[in-house]
Amino acid sequence: MNLWARVGVLGTLVCCVHSTRRVLAEPRGSKQPPSSTDQMELKLVQVLFRHGARTPLRPIPGAEQVKWDPALLEIPVQTEFDYTVTDLTGGPRPFSPYDENYKKTILKGGVIAGQLTKVGMEQMFALGERLRKRYIEDTHFLSPTFKPSEVFIRSTNIFRNLESTRCLLAGLFNQQKEVLNVWGKTIYFYRAGSIIILTDEPESEILYPNVQNCQRLKNIHKKIFAKVAFQAGLSDDLKMIKKKMGIDSEKQVDFFLLFDNLLAEQAHDLPSYPVLKNFQPMIEQKIIDSFYNIAGIQYDSRESLQMSVGPLLYTVEKNIKEAMDPSTPAIKERKLMLYAVHDVTLLPLLMALGLFNHKWPPYAADLIMELYEHSKDWFVRLTYKGEEVVPRGCRAGLCPVEDFLNAVSAYSINPAEYNMLCSQTEEELSD
């Protein structure tokens, strides 16, 4: 599982400090967008979303565990939706070492670690319903019935993300359910056709900061974790919390692990340690401090962001450009692109876009990028958790596409550049 899995995909972000530099980020466009999107034609929607609420990734060693009842994993009937998982070329689903690793950790109550729960499924279904209202009912952008040619779906190859995608799709296309009553049991049928979710091998995945595929990023993480353990204030506060919880000093516990368990318990109305609840603001702040105070001192934060989400930003950028000038009928027909990601995907994305609000992305958080055309001019509009936001390089919510892409280009990186950057050593960079 390496470093990022050890802390629930949280630890990989320690190196991604918010950059205050304005590299290629100042607005330069002079186009004035219409006062409302009602006067514009929506061309493409890209949605990047975190999975719903889940069980903890691992328990806090030496602490009394809460009981995770298997009933918490029951599937709500309204979220049922058939799907098939393939690799990026349509072949069989790749092996998921992360899911295999989670199976080795059984929480009190008999539940496997890192699993999407009923609460999480309902959160994702609600997100799907919100997307349905905006893009089917209100704007009529998507067809009222699912069309594979209109919707592109990609997820990390982790079960909670695949299941989160299922629930989102059930909420988005819930009008296609037909209900039968068989011997007193309600059964749902779907006429959506074949739903295919694409995923990739863990070694080449771009939907999270990939320390397996970027040796330099992995080395940076190792050094930063070592520094975090001895930073003034952090280690003393951690020792204090462990002592109040009755945890032996030798136990491997960090703020990420405490935060992960606390949020999971709160999402399911389970009793948390009073110590954790009392120190929750401080625990979250310590996580923020970890990458604000340490990252960027020795390492270039722009390059850290490029290594973390540069390939994903390149894909987002490429999708926009292709929608503006489609080279094939298939690209022209494509309208919605769904990406099931993680908190550590959204965090560096928000940083690169100048949108990080000093809060960890909650379960089911979503970042939406809309592309509009108006009188041969193009504009981008972003929302985060349903609220319009103004990204770096833009003056208003409706942003000329040139300004947006100019800002994104400071952090996006193509595959060749990514491989080159990741293979460089610190000695080579200092020459």
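Rules behind the numbers
Within every chain, residues take consecutive numbers counted from 1 along the sequence as written. Reporting in this predicted model follows two pLDDT cut-offs: at least 70 for local features of residues, and 80 or more for side-chain atom pairs to be given and counted; totals over whole chains, interfaces and linings ignore these cut-offs and use all residues. To obtain the side-chain values, all non-hydrogen atoms of the structure were used and water was disregarded. With a 1.4 Å probe rolled over the protein chains alone, any residue whose accessible area is under 20% of its type maximum counts as buried; one over 50% counts as exposed, and the rest are partly exposed. Secondary structure counts use DSSP, requiring at least four H or I residues in a row for a helix and at least two E residues in a row for a strand, with both numbered from the N terminus. The pairing criterion is simple: DSSP has to find at least two bridges between the two strands. Two cysteine sulfur atoms make up a disulfide if the distance between them is within 2.5 Å. We call two N or O atoms a polar contact when they sit within 3.5 Å, provided that within protein one can donate a hydrogen and the other can accept it, with sequence-adjacent residues counted only if both atoms are side-chain atoms. Working rule for contacts: check all heavy atoms of both residues, and any pair within 4.5 Å makes them a contact. Nonpolar cores were defined as sets of buried Ala, Val, Leu, Ile, Met, Phe, Trp, Tyr and Cys residues, with membership established by side-chain atoms within 4.5 Å. Here the axes come from fitting lines to C-alpha atoms, over the contacting stretch only for helices, and the angles between their N-to-C directions go from 0 to 180 degrees. For classification purposes, angles smaller than 35 degrees are called roughly parallel, those larger than 145 roughly antiparallel, those between 65 and 115 roughly perpendicular, and all remaining angles oblique. Take the far helix as your reference; a near helix turned counterclockwise from it by less than a right angle gives a left-handed crossing, and one turned clockwise gives a right-handed crossing. In the sections that follow, a salt bridge refers to a side-chain nitrogen of Lys or Arg positioned within 4 Å of a carboxyl oxygen of Asp or Glu. To get the bend at a given residue, fit one axis to the seven residues ending there, fit another to the seven starting there, and take the angle between those axes. What pLDDT reports is the predictor's confidence in each residue, on a scale of 0 through 100. Whether two aromatic rings pair depends on their centres lying within 6.5 Å, for rings of Phe, Tyr and Trp, where Trp uses its six-membered ring; planes under 30 degrees apart make the pair stacked, over 60 edge-to-face, and the rest tilted.

1. A short note on helix H12 (residues 343-352)
No. 1: Most of H12 sits out of view: 10 of its 10 residues are buried.
No. 2: Of all the residues in H12, the buried ones are Asp343, Val344, Thr345, Leu346, Leu347, Pro348, Leu349, Leu350, Met351 and Ala352.
No. 3: Count one or two residues on from H12 and you reach Gly354, which has phi positive near 70 degrees.

2. Regarding the pairing of strand E9 (residues 377-384)
No. 1: Most of E9 is tucked away: seven of the eight residues are buried.
No. 2: Where strand E8 (residues 366-374) lies against E9, eight bridges are found, and the strand directions are antiparallel. By the bridge assignment, Met369 is partnered in E9 with Leu382.
No. 3: As paired strands, E9 and strand E11 (residues 399-400) are joined by two bridges and run antiparallel to one another. Bridging across to E11, Phe379 finds its partner in Pro400.
No. 4: Sheet analysis places E9 next to strand E10 (residues 387-389), joined by three bridges and oriented antiparallel. Paired with Tyr384 across the bridge in E10 is Glu387.
No. 5: Turn length for the E9-E10 hairpin, with the two strands adjacent in sequence and antiparallel, is two residues, and the turn residue Lys385 shows positive phi of about 55 degrees.

3. Describing the state of the cysteines
No. 1: Counted under the stated rule, the structure contains two disulfides.
No. 2: Here Cys214 pairs with Cys422 through a disulfide, and the sulfurs are 2.0 Å apart. Across the S-S bond of Cys214 and Cys422 the torsion is about -95 degrees, and the bridge reads as left-handed. One end of the pair, Cys214, is in the loop between strand E6 (196-199) and helix H5 (215-228); the other, Cys422, is in helix H14 (residues 415-423), with 208 residues separating them in the sequence. Of the two residues, Cys214 and Cys422, both sit in the buried class.
No. 3: The partner cysteine of Cys394 in its disulfide is Cys399, sulfur to sulfur 2.0 Å. With the S-S dihedral at roughly -75 degrees, the linkage between Cys394 and Cys399 falls on the left-handed side. When sorted by exposure, Cys394 lands in the same class as Cys399, which is buried.

4. Some remarks on the side chain of His268
No. 1: Mapping His268 onto the fold places it in the loop between helix H7 (255-267) and helix H8 (274-278).
No. 2: On the basis of relative accessible area, His268 is assigned to the buried category, the value being 8%.
No. 3: Reaching out from His268, the side chain makes a polar contact with the backbone oxygen of Ala264 at a distance of 2.7 Å.
No. 4: Setting aside its immediate chain neighbours within four residues, His268 contacts Ala53, Arg54, Trp68, Thr117 and Val119.

5. Details of the nonpolar core
No. 1: Ile60, Met245, Leu258, Leu382 and Phe404 are the most contacted members of the largest nonpolar core, which totals 60 residues.
No. 2: Counting residues per element, this core draws most heavily on helix H10 (residues 301-324), at seven residues.
No. 3: If near-sequence neighbours (up to four positions away) are discounted, Leu382 is found in contact with Leu353, Leu355, Leu367, Ile368, Met369, Glu387, Glu388, Val389, Pro391, Gly397 and Phe404.
No. 4: By size, the runner-up hydrophobic cluster in this structure holds 37 residues, among which are Leu127, Leu169, Ala170 and Leu336.

6. Section: the packing of H10 against helix H13 (residues 401-408)
No. 1: Following both chains from N to C, one finds H10 and H13 inclined at 155 degrees, their axes separated by 10 Å at the closest point. In terms of their interaxial angle, H10 and H13 are classed as roughly antiparallel. By crossing handedness, the relation of H10 to H13 is classed as left-handed. Facing Leu313, Glu317, Ile320, Lys321 and Met324 of H10, the residues of H13 in contact are Val401, Phe404, Leu405 and Val408.

7. Observations regarding the side chain of Asp366
No. 1: Examined against the element boundaries, Asp366 turns out to sit in strand E8.
No. 2: Within the local environment of Asp366, its side chain forms a polar contact with the side chain of Arg130, the two groups lying 2.6 Å apart.
No. 3: If sequence neighbours within four positions are ignored, Asp366 has contacts with Leu48, Phe49, Leu127, Arg130, Thr383, Tyr384, Lys385 and Gly386.

8. Considerations on the pattern of salt bridges
Pairing is possible between side chains that carry opposite charge, provided their charged atoms lie close to one another.
No. 1: Per the stated rule, a full pass over the model turns up 22 salt bridges.
No. 2: We note a salt bridge from Arg216 to Glu303, for which the minimum N-O separation is 3.2 Å. One end of the pair, Arg216, is in helix H5; the other, Glu303, is in helix H10, with 87 residues separating them in the sequence.
No. 3: Residue Arg216 is classed as buried on the basis of its relative accessible area of 4%.
No. 4: Here the salt bridges do not stand alone but share partners, grouping Arg134, Glu370, Arg381 and Glu388 into one network.

9. Points about H10
No. 1: Along its length, H10 reaches its greatest deviation from straightness, about 65 degrees, at Val309, and the proline Pro311 lies no more than four positions downstream.
No. 2: For H10, the tally of buried residues reaches 18 of 24 residues, placing the bulk of the element in the interior.

10. Thoughts on the confidence of the model for the protein chain
No. 1: Taken residue by residue, the protein chain gives an average pLDDT of 86. The fraction at 70 or more is 83%.
No. 2: Considering only residues more than four positions removed or in separate chains, one finds that residues 1-25, a stretch of pLDDT under 50, has 98 contacts.
No. 3: The low-confidence segment residues 293-300, where pLDDT is below 50, has 19 contacts with residues more than four positions distant or belonging to other chains.

11. Describing the packing of aromatic side chains
No. 1: According to the stated counting rule, one finds five aromatic pairs in the structure shown.
No. 2: Taking the centre distance of 5.1 Å and the plane angle of 85 degrees together, the rings of Phe146 and Phe173 count as edge-to-face. One end of the pair, Phe146, is in the loop between helix H3 (118-138) and strand E3 (151-155); the other, Phe173, is in the loop between helix H4 (159-172) and strand E4 (177-182), with 27 residues separating them in the sequence.
No. 3: Residue class for Phe146 comes out buried when judged on its relative accessible area of 8%.

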